[in-house]
Amino acid sequence: MVNQPLEKEHVTEPVKENVLEAVGLRKTYGEAVAVDDVSFTLAAGESLAVVGESGSGKTTVARMLLGLEKPDAGTLTVCGRERPAARRVASRERRRRAREIQIVFQDPYASLDRLQKVGDVIETALALHFPLPAEERRSRAAELLESVGLAERHLTMRPAQLSGGQRQRVAIARALAVEPRVLVLDEAVAALDVSIQAQILNLLADIREQRDIAYVFISHDLAVVHQISDRALVMCGGKVVEEGPTDRILAAPQEPYTRQLRAAVPGPGWTPSRRPQPA
Ligand SMILES: Nc1ncnc2c1ncn2[C@@H]1O[C@H](COP(=O)(O)OP(=O)(O)OP(=O)(O)O)[C@@H](O)[C@H]1O
């Protein structure tokens, strides 16, 4: 029997698997409900924004994704495996989880060891996860720095010798060293000047084009979110109040709270413009 070639119109895009599935996440601190019944999925290579004002629960969601907080209720499935809510996790399992999700914080100065040279920051991350000969590890560190727009000469510098934008590039390189499927960016450009913000957002878009990596991009700023995400969740008081394509949320916000956030975006005459995103 001769195999018939598939007709072109029958060829469909492969469905990307979900790298994150959160169902009914809840976190309380005493009487205060920080996160209430939050559910979402993130497909491989997708960029999802979590947007809301200060105190809306965004960071608590991030901390639960990273396993830094234990949800009071709900389930979290990462790369197809449900994360048990156990408090104590063996170091081997912690390393495996770290290769699934990494985070970049708002303030790289706080998250980088001030005494450690940039090259050692990256090499330490590599050494923890990959058994490489020292020479290969050094050249991998140099390649990673190059991939975030830094040069070999930065390898021997310490965080204090770098600008805020350069430090954030180091934090991104350290996260990428582990080759995670998901990168959580928690207000990762909020502390930077607008022009540096744009550079880092472009860098993040380039990285997503080049690697099979998905983003959870947490921000209070809808204008920033629009440049980096395909889809957005809007959080208020720990709950998701609106969800949809970022373009739609900006052009036609449905909820009064989202309209209020939208009103803070530059205007009048401001029109959304963005780099094309990878499919
Ligand atoms: N460790 C904690 N102990 C007590 N309350 C907390 C704790 N962490 C967060 N909260 C409370 O939970 C709510 C959500 O906080 P969360 O930090 O997640 O919000 P956010 O949207 O990330 O805000 P921000 O951008 O200011 O961090 C807030 O009311 C906060 O005060």
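Scroll up to find the structure this text is about.
The present account deals with the structure reproduced in this document.

Cut-offs and rules
Residues numbered from 1 in each chain as written. Predicted model: local features only at pLDDT ≥ 70, side-chain atom pairs only at ≥ 80, totals over all residues. Pairing = 2+ DSSP bridges. Helix = DSSP H or I, 4+ residues; strand = E, 2+ residues; numbered from the N terminus. Near = placed C-beta within 6 Å. Nonpolar A, V, L, I, M, F, W, Y, C, P; charged D, E, K, R; others polar. Expected span 1.5 Å × (residues − 1). Buried ≥ 20, exposed ≤ 12 C-beta atoms within 10 Å, placed from the backbone. Contact = placed C-beta atoms within 7 Å. Axes fitted to C-alpha atoms, helices over the stretch in contact; angles between N-to-C directions. Left-handed = near helix turned anticlockwise from the far one by under 90°.

**Some remarks on the sheet that holds strand S5 (residues 81-82)**
Next up, step 1: If you trace the four strands from one edge of the open sheet to the other, you get S2-S1-S4-S5, paired in antiparallel fashion. Either end of the sheet is taken by a strand with one partner, and the two such strands are strand S2 (32-43) and S5.
Next up, step 2: One ladder, built from two bridges, connects strand S4 (residues 73-78) with S5; its direction is antiparallel. Looking across to S5, one finds that Thr77 is bridged to Glu82.

**Observations concerning the site of the ligand**
Next up, step 1: Taken together, the residues surrounding the ligand are Tyr29, Ala32, Ala34, Gly52, Ser54, Gly55, Ser56, Gly57, Lys58, Thr59 and Thr60.
Next up, step 2: For the shell around the ligand, the secondary structure elements donating two or more residues are S2 and helix H1 (58-65).
Next up, step 3: With three residues, the top contributor of residues to the shell around the ligand is H1.
Next up, step 4: Grouping the constituent residues of the shell around the ligand by class yields three nonpolar, seven polar and one charged.

**As for the pairing of S4**
Next up, step 1: The sheet contact formed by strand S1 (residues 18-29) and S4 spans five bridges and is antiparallel. Its bridge partner lying in S4, Arg26 is registered against Ala73.

**Some thoughts on helix H6 (residues 164-177)**
Next up, step 1: If you check H6, its first and last C-alpha atoms are 20 Å apart, about what 14 residues at 1.5 Å a residue would give, namely 20 Å.
Next up, step 2: The buried fraction of H6 is high, at eleven of 14 residues.
Next up, step 3: Taken together, the buried positions of H6 are occupied by Arg167, Gln168, Arg169, Val170, Ala171, Ile172, Ala173, Arg174, Ala175, Leu176 and Ala177.
Next up, step 4: Tucked into the core, H6 has its buried residues touching strand S6 (101-104), helix H3 (108-111), helix H4 (118-129), helix H5 (134-147), strand S7 (182-186) and helix H7 (194-210).

**Overview of the packing of H4 against H5**
When two helices pack together, their arrangement is given by the angle between their axes and by how far apart the axes lie.
Next up, step 1: Remark: H4 packs on H5, axes separated minimally by 9 Å, with the N-to-C direction vectors making an angle of 115°. Crossing of H4 against H5: the hand is right-handed. Contact residues: Gly119, Ile122, Glu123, Leu126 and Ala127 in H4; Arg137, Arg138, Arg140, Ala141, Leu144 and Leu145 in H5.
Next up, step 2: Its residues assigned to classes, the contact of H4 with H5 shows six nonpolar, one polar and four charged.

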